[in-house]
Amino acid sequence: MKKPIWLLPAALLLLSACEREKREFRPAQVSEETDEKIALSSLSAGPSPPSQQTTGKGKNFEENAYHISEGQKLYTWFNCNGCHSNGGGGSGPALMDDRWIYGGSIEHIVQTIREGRPNGMPSFRGKIPDDQVWQIAAYVRSMGRYTPKAASPARRDDMHPGPAEQRRPPAEMNPGGSIPSSAQMPQ
Amino acid sequence: MGARPFLILLSALPLSGCSGWQSALDTHGPHADSLARLFWIFLAILSTVWIVTIVMLLLALRRRREPGDDPLMTHPGTERRMTIVVSSAVALTALIVMALTIVSYGAQRVLFASRDGPLTLLVTGQQFWWKVQYEDASPARTFTTANEIHIPVGEKVLIKLESSDVIHSFWVPSLNGKLDAIPGRQNQIEIQADRPGVYRGQCAEFCGWQHAHMGLLVVAETRQDFERWRDGQISAAHIPDDPEEQKGMEIFMTKPCIMCHQIRGTSAGGKVAPDLTHVGSRQYIAAGTLPTTRGNIAAWIVDPQGIKPGVHMPLVQLAPEEIQPLATYLESLK
C-alpha cells in the first residue's frame, strides 16, 4: 500500500522534464521589442562593473528545446550561415568558440541581431519578428553549448561537420572575449 | 422490426465517404481506376473467403459429437474425407493467393508503366505546405507556386517528390495512390485526370502539428485553359496602380514578409515560404485551410498561430490600419 505513494513524486519528476519542450505558439499579444540594457564593454567608470538591465525573456528561450530548434531552422532560412557558416565562421566571426566580440549573453546576441554591428553584420530590426530573433540567439548560444544539454539540438538530418550541439562539451565564457583579436596586445 | 431501417442507414453511412473530391473510390484517372478495381477484387474474394470460413467454423462448433465415441478411435472413411477437405482448402488458398498476386501485378504494371510525361513537376513537401515547381526545357518557362497544381486533362504528368524537412506523403486519392516524400531522395509518381475537375490531395504521413492542414488541390482542365493558366503563372506579379494596393505593397516590402516569401517582379525574394506571386489566383490559402478571400488573408496574417498552431508563419507586428491594404494587395495578386 505504501509503495505507490513514493512512486507518485517519481512519476511527477519525469513529467517535469516536459517543460523543456513547452511550446507557446500563440502569445497573448504581438511581442514588442523588449528593452535590454546591455553594455558592450566590461570597463566602467568607478569600481563597480557596468550597470546592465535585462528583462529575463532570454531564460525562457535558452532553456527551451522548441525555441532553440526553431532558431536552428531560421539560422539557415535567414542565411546566417552565409557568413557565419555552421558556426565555424567565414566572412563573419565564428559563433561556436568562446570569443564574443559583442558579448555572449543571449541579450547581447539579440541586440547584435537587432542593431547590426560594424564591418558587415546587418541590422535585422523590423525584418525578423522579435520572438524569432530570440530563437535565433538561443540557437547561436547552443552552438558553443552555453545552453543546457537537454535543450540543445540533437542530431541534424543533413550533413554536419561536427558533433551535434547537444554532444559538445559545455563552454566557458572567455573573459577577454569582448576585445576583438585585432585589438589585443601581442602576447 | 423497427431496428432494420436504422441498421440499413448505419451500413450506408461509411459509404457516404466514398464520393466527393477526395476519395479513392470516386476515381478520375487510370491509376486510381486500377487501384480501385484492385480494391474491389480483393474485397470480394477475401469477404467470400471470410464468410465461408466463418460458416464452416460455426457449423463445426454446432455439430454434436455422438455419445460414446472414443476420440482416439479413427475411422478410415472419415480420415479420407478430412484429408480431401483439408488438402483442397490448402490448394484453394494457394490458388487464391497466386491469383491475387497476379491481379496485383497487373495493377502495378498500370501504376508504374511509363516515366516520361511531357509535363514534369517537382513537388517538395514542407512543414506544412507543398512547394510546386513546374519544370521545362526552357528556363524562362519554369515557375514556382504552392499548394495548387493545374494539369491538362487526359495527359500523364510526372511528379518528382522531395521533402525539405520530415517525411511527408503525397496523396490525391481520386488520381493515384500515395507516395512518400523523403528528405534526401526523390520519388516519382504519375497522375492523370480523365475528366476536368478539382481534386483534393492531402499529406498522408504524419509530419507534425499541422499535418491535418496540409492539403493541396489538383485542378484538371483542358489543354487550352491549362496553357492560359501557365502563361499567367509564368508572368511576374502585377504592379498595382490602385493607391490602397500600392500601400499594401509598400507594407509587404518593408515588413518581415520578405524574409520568407517571394513575389516575382518585386524585391521580395524569400524562398522558404510559399511563393505569393499569384496567391490571389489560388482557391485556398494556408495549404487548403481557408478559401482565398480578403478577410481570410487578413485573418491569416493577424493570427496564423490561432488558425494553424505550430505553423512556421510567425505573428508579425502590424498596425491595425496596415492590415487592410496588405490583404487587399495580396488578394489582387491574381
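Figured I'd write up the structure that's included with this text. Since this is a predicted model, take the numbers as computed values, not measurements.

Turning to the layout of surface pockets, a few remarks are in order. Approximately 1100 Å³ is the volume found for the second largest pocket. Every residue lining the second largest pocket is counted, 38 residues in all, and those nearest its centre are Ser 69, Gln 72, Lys 73 and Asp 157 of chain A together with Asp 165 of chain B. At 9 residues, helix α3 (residues 65-77) of chain A tops the list of elements feeding residues into the lining of the second largest pocket. Here the lining of the second largest pocket is composed, by residue class, of 15 nonpolar, 13 polar and 10 charged.

Inspection of every chain in the model, using the stated rule, returns 14 aromatic pairs over all chains. Ring centres of Tyr 75 of chain A and Tyr 139 of chain A lie 5.4 Å apart, and the angle between their planes is 70 degrees; this geometry places the pair in the edge-to-face category. Highlighted residues: Tyr 75 of chain A in helix α3 and Tyr 139 of chain A in helix α6 (residues 130-143), separated in sequence by 64 residues. Each of the two residues, Tyr 75 of chain A as well as Tyr 139 of chain A, counts as buried. Taken together, Tyr 134, Phe 143, Phe 226 and Trp 229 of chain B form an aromatic cluster joined through their ring pairs. In this arrangement the basic side chain of Lys 178 of chain B is found over the ring face of Trp 171 of chain B, its NZ or CZ atom lying 4.5 Å from the centre.

Residue and element names in this part refer to chain B. Counting residues in hydrophobic clusters, the biggest one holds 55 residues, and the most contacted among them are Ile 149, Phe 170, Phe 252 and Leu 330. Sort the elements by how many residues they give to this core and helix α9 (residues 320-332) lands first, with 5 residues. Looking at this core, you find at least three residues from each of domain 1 (119-232) and domain 2 (243-332). When sequence neighbours within four positions are dropped, the list of residues in contact with Leu 330 reads Phe 252, Leu 276, Val 279, Gly 280, Ile 297 and Ile 301.

Residue and element names in this part refer to chain B. With respect to the element layout, His 278 can be found in the loop between α6 (257-260) and β11 (284-285). By relative accessible area, which is 4% here, His 278 ends up buried. Reaching out from His 278, the side chain makes a polar contact with the backbone oxygen of Gln 233 at a distance of 3.3 Å. Ignoring anything within four residues of it in the chain, the contact list for His 278 reads Gly 232, Gln 233, Ser 235, Ala 236, Arg 264, Leu 333 and Lys 334.

A few words on the pairing of strand β4 (residues 148-152) of chain B. All names here are of chain B. Most of β4 sits out of view: 5 of its 5 residues are buried. Every second residue of β4 is oriented toward a common face, with Glu 148, His 150 and Pro 152 on one face and Ile 149 and Ile 151 on the other, all of them buried. In terms of strand pairing, β4 meets strand β10 (residues 215-221) through 5 bridges, oriented parallel. Bridging from a neighbouring strand, His 150 pairs with Val 219 of β10.

Here the focus is the pattern of salt bridges. Oppositely charged side chains can form a pair if their charged atoms are brought close together. Tallied over the entire structure, the rule returns 20 salt bridges over all chains. When the shortest N-O distance is used, the salt bridge between Asp 130 of chain A and Lys 57 of chain A registers 3.7 Å. Taken together, the residues span a long stretch of sequence, with Asp 130 of chain A in helix α6 and Lys 57 of chain A in helix α2 (residues 57-62) at a distance of 73 residues. Here Asp 130 of chain A falls in the buried class, since its relative accessible area comes to 9%. Arg 223 of chain B is the partner of Glu 155 of chain B in a salt bridge, and the nearest nitrogen-oxygen pair spans 2.5 Å.

Rules used in this analysis
Residues numbered from 1 in each chain as written. Chains lettered and ligands numbered in written order. Predicted model: local features only at pLDDT ≥ 70, side-chain atom pairs only at ≥ 80, totals over all residues. Heavy atoms only, no water. 1 Å grid on protein atoms, 1.4 Å probe; cavity = no way out; pocket = protein on both sides within 12 Å on 5 of 7 lines; lining within 4 Å. Points joined across faces, edges and corners; volume = space filled by probe spheres on them. Helix = DSSP H or I, 4+ residues; strand = E, 2+ residues; numbered from the N terminus. Nonpolar A, V, L, I, M, F, W, Y, C, P; charged D, E, K, R; others polar. Phe/Tyr/Trp six-rings, centres within 6.5 Å; stacked < 30°, edge-to-face > 60°. Buried < 20%, exposed > 50% of the residue type's maximum accessible area, 1.4 Å probe, protein only. Lys NZ or Arg CZ within 6 Å of the ring centre and 35° of its normal. Core = buried A, V, L, I, M, F, W, Y, C linked by side-chain atoms within 4.5 Å. Domains from an automatic or database assignment. Contact = heavy atoms within 4.5 Å. Polar contact = N/O pair within 3.5 Å; in protein donor to acceptor, adjacent residues only side chain to side chain. Pairing = 2+ DSSP bridges. Salt bridge = Lys/Arg side-chain N within 4 Å of Asp/Glu carboxyl O.

Nothing here speaks to function; it is all geometry.
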